[in-house]
Amino acid sequence: MPFVGRARELCQLADALSRPPVVVLIEGEAGVGKTRLLHELTSHPLSTSHPLPACHPMPVGRAVLTGRCHPMRFPYGPIVEALRDACPPRELNPVTGALRPLLPEYAHLLPPAPPPLSDAHVERHRLFRGVLSLLEALCPVTLVVEDVHWVDPDTRELLSFLARCLPDTVGLVLTYRAEDLRHPVAEVLAHLPPHIDHAELSLAPLDPEETALLVKHLLPGSLPGSADLWPLTGGVPFAIEELARMLAEGREPGTPPALRDAVLLKLESLPLAARRIVQAAAVMSDPVCGKTLAGVAGVPAEQGERGLAEAVRRGLLREWTPGRYGLRQPLTRQAVCESITPTVRRRLNRRLDAPAEPQGTLSPREEQVVRLAADGLTNKEIAENLFLSPRTVEVHVANALHKLGLTSRRQLSR
Ligand SMILES: Nc1ncnc2c1ncn2[C@@H]1O[C@H](COP(=O)(O)OP(=O)(O)O)[C@@H](O)[C@H]1O
Ligand SMILES: [Mg+2]
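Residues numbered from 1 in each chain as written. Chains lettered and ligands numbered in written order. Predicted model: local features only at pLDDT ≥ 70, side-chain atom pairs only at ≥ 80, totals over all residues. Heavy atoms only, no water.

Quick question: what am I supposed to make of the site of ligand 1 here?
In the vicinity of ligand 1, 16 residues are found, and the nearest of them are Val4, Gly31, Lys34, Arg36 and Glu241. In the model, an oxygen atom of ligand 1 is placed 2.9 Å from a nitrogen or oxygen of the glycine 33 main chain. A distance of 2.8 Å separates an oxygen atom of ligand 1 from a polar atom in the side chain of arginine 36. Bound to the protein, ligand 1 loses 84% of the 560 Å² it would expose on its own. Taken together, the residues of the shell around ligand 1 sort by class into 8 nonpolar, 3 polar and 5 charged. Among the domains, domain 1 (7-86 + 138-202) and domain 2 (208-254) are the pair contributing at least three residues each to the shell around ligand 1. (Near = heavy atom within 4 Å. Polar contact = N/O pair within 3.5 Å; in protein donor to acceptor, adjacent residues only side chain to side chain. Areas by Shrake-Rupley, 256 points an atom, 1.4 Å probe, with all protein chains shown as cover. Nonpolar A, V, L, I, M, F, W, Y, C, P; charged D, E, K, R; others polar. Domains from an automatic or database assignment.)

The structure is reproduced here in structure tokens:
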């Protein structure tokens, strides 16, 4: 599969990993390309077609061990997954024997298990030292722990321990989504000894040109609707791939099922007030202020504020302009809209149409209509956009003009 953009990030990553001991944090929303970036760097480090001939390649022979955190948060799950793929050398420190129960795959290659200890804390420390010692013996090695937003408490502590004692031959890379992270990953970086370097990368979505390039690779013949997927996908490669697949299969460009499921799962996990705020934002076509959202969502102002903050933190909403919020991507908006039940939709619409207080200010629906009218849309176009009848739009326009003290809709765009 083609790989586009990310020249700077690849260089930064390669540069950081070429100088262990180092801890690298890679942050980015779901599907933005964290795993792919690492894959590009570690799977064909010396490829001549690599876009970065000038930057440091991964040193030849450096092993990369990868473990993923899982929503089920199995204790030490990612570390076991990563170490399972290691080829342990013959001469190992006896302390690595403590890993025998965790790594039955090659327990016979490890020293005998040390006798049990009466204190669980001491035993845990011995296990941590076992991991450290095995990594040291595997030199040089890069340990990648993916999706740390799902880290289990034991792995979290082990990672903090490893980061502080990182052997000179080891690089530690952690990837995560800030929006799903409950505990600050920065704690891994806290109290790093001065000789251990660290780097932080934040992956943004692809820009419009990169998006177009990826679409060109994915859909070589131009298909109807493939011209510009950037506004719909927000440049998130996963969304681009999914949408391109739908187009290639001749389907209408709707919300790709995988993306819809991810959005709905996230929406479900929000507290009710935050969920209602997101649904309210989805039925509005433009970004609006928090107060309007709370009003349309039908939640008290304070809960609305908390819900709004949570929805932004979880990456569903975005502050598009100061104080105005909307769904992060059109596809996300579409997915949320499609999931709203008829009853909830009726309630949202009722509040959207409710007259605003104090007298003279526009209702949220009138604001919506006015904004589209100011953009030059006809009543029919506004009606189609907002799923209203043209007659309703006509009434909203008339009321809004009256409240604003205007006599013609042309005055709206001034
Ligand atoms: N720069 C890129 N160029 C082309 N495809 C990409 C790029 N970044 C990510 N992808 C593709 O997008 C999808 C999601 O990327 P992934 O790395 O799994 O995201 P993340 O790990 O951030 O959730 C994958 O199929 C991946 O191959
Ligand atoms: Mg990933």
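When you look at helix H11 (residues 272-283) in this model, what are you seeing that I'm missing?
Residues three or four positions apart in an α-helix share a direction because the helix packs 3.6 residues into each turn. With 12 residues, H11 extends 17 Å between its outermost C-alpha atoms, agreeing within 8% with the 16 Å of an ideal straight helix rising 1.5 Å per residue. The buried count for H11 comes to 11 of 12 residues, which makes it a mostly enclosed element. Among the residues of H11, Ala273, Ala274, Arg275, Arg276, Ile277, Val278, Gln279, Ala280, Ala281, Ala282 and Val283 are the ones counted as buried. (Helix = DSSP H or I, 4+ residues; strand = E, 2+ residues; numbered from the N terminus. Expected span 1.5 Å × (residues − 1). Buried < 20%, exposed > 50% of the residue type's maximum accessible area, 1.4 Å probe, protein only.)

When you look at the packing of helix H4 (residues 120-137) against helix H5 (residues 153-165) in this model, what are you seeing that I'm missing?
Running from amino to carboxyl end, H4 crosses H5 at an angle of 55°, the nearest separation of the two axes being 10 Å. The pairing of H4 with H5 is recorded here as oblique in orientation. Where H4 crosses over H5, the handedness of that crossing is right-handed. From H4, Arg124, His125, Phe128, Arg129, Val131, Leu132 and Leu135 reach across to H5, where they touch Asp154, Glu157, Leu158, Phe161, Leu162 and Cys165. (Axes fitted to C-alpha atoms, helices over the stretch in contact; angles between N-to-C directions. Parallel < 35°, antiparallel > 145°, perpendicular 65-115°, else oblique. Left-handed = near helix turned anticlockwise from the far one by under 90°. Contact = heavy atoms within 4.5 Å.)

Which parts of the structure should I look at to understand the environment of arginine 8?
Within the element layout of this structure, arginine 8 appears in helix H1 (residues 7-17). For the pair arginine 8 and threonine 343, spaced 335 residues apart in sequence, the C-alpha separation works out to 49 Å.

Mind showing me how you'd approach the sheet that holds strand S6 (residues 288-289) here?
Two strands in a sheet stick together by hydrogen bonds in their backbones, pointing the same way (parallel) or opposite ways (antiparallel). An order of S6-S8-S7 is seen for the 3 strands of this open sheet, with the pairing classed as antiparallel. Only two strands of the sheet have a single neighbouring strand rather than two, namely S6 and strand S7 (317-321). (Pairing = 2+ DSSP bridges.)

What should I look at first to understand the packing of aromatic side chains in this one?
The relative placement of two aromatic rings is captured by the distance of their centres and the angle of their planes. Summed over the entire model, instances satisfying the criterion amount to 2 aromatic pairs. With a centroid separation of 6.4 Å and an interplanar angle of 90°, the aromatic rings of tyrosine 76 and phenylalanine 128 are classed as edge-to-face. Taken together, the positions of tyrosine 76 in the loop between strand S2 (63-68) and helix H3 (77-84) and phenylalanine 128 in helix H4 put the pair 52 residues apart, joining distant regions of the chain. Residue class for tyrosine 76 comes out buried when judged on its relative accessible area of 11%. A ring pair is formed by phenylalanine 128 and phenylalanine 161, whose centres lie 5.3 Å apart and whose planes are at 55°; its orientation type is tilted. Residue phenylalanine 128 is found in helix H4, and its partner phenylalanine 161 is found in helix H5; the two are separated by 33 residues along the sequence. Using a relative accessible area of 18% as the deciding quantity, one classes phenylalanine 161 as buried. These aromatic residues form a ring-pair network of at least three members: Tyr76, Phe128 and Phe161. (Phe/Tyr/Trp six-rings, centres within 6.5 Å; stacked < 30°, edge-to-face > 60°.)

Mind showing me how you'd approach the nonpolar core here?
For soluble globular proteins, nonpolar side chains are generally found buried alongside one another. Core analysis: the biggest nonpolar cluster contains 43 residues, and Val23, Leu65, Leu83, Leu135, Leu143 and Leu174 have the highest contact counts within it. Counting residues per element, the ones that place at least two in this core are strand S1 (22-27), H3, H4, strand S3 (141-146), H5, strand S4 (170-176) and helix H6 (186-189). In this view, leucine 174 contacts Val24, Leu25, Ile26, Val145, Val148, Leu159, Val185 and Val188; residues no more than four positions away in its chain are not counted. In this structure, Ala282, Leu317, Val336 and Ile340 belong to the second largest nonpolar core, which totals 31 residues. (Core = buried A, V, L, I, M, F, W, Y, C linked by side-chain atoms within 4.5 Å.)

Looking at this structure, how should I read H1?
Looking only at H1, the buried set comprises Glu9, Leu10, Leu13, Ala14, Ala16 and Leu17. The buried residues of H1 occupy one face: seen down the axis, they fall within an arc of 165°. In the core, the buried residues of H1 are packed alongside S1, helix H2 (34-43), S3, S4 and strand S5 (197-202). (Arc of directions from axis to C-beta.)

So what exactly am I meant to see when it comes to the state of the cysteines here?
One way to say it: the disulfide is the covalent bond shared by the sulfur atoms of two cysteines. With the rule as written, the count across this model stands at 0 disulfides. The closest cysteine sulfur to the non-disulfide-bonded cysteine 69 is located on cysteine 165, 19 Å from its own sulfur. Residue classification places cysteine 69 among the buried positions, given a relative accessible area of 4%. (Disulfide = S-S within 2.5 Å.)

Function-wise, these values are silent; they only describe arrangement.
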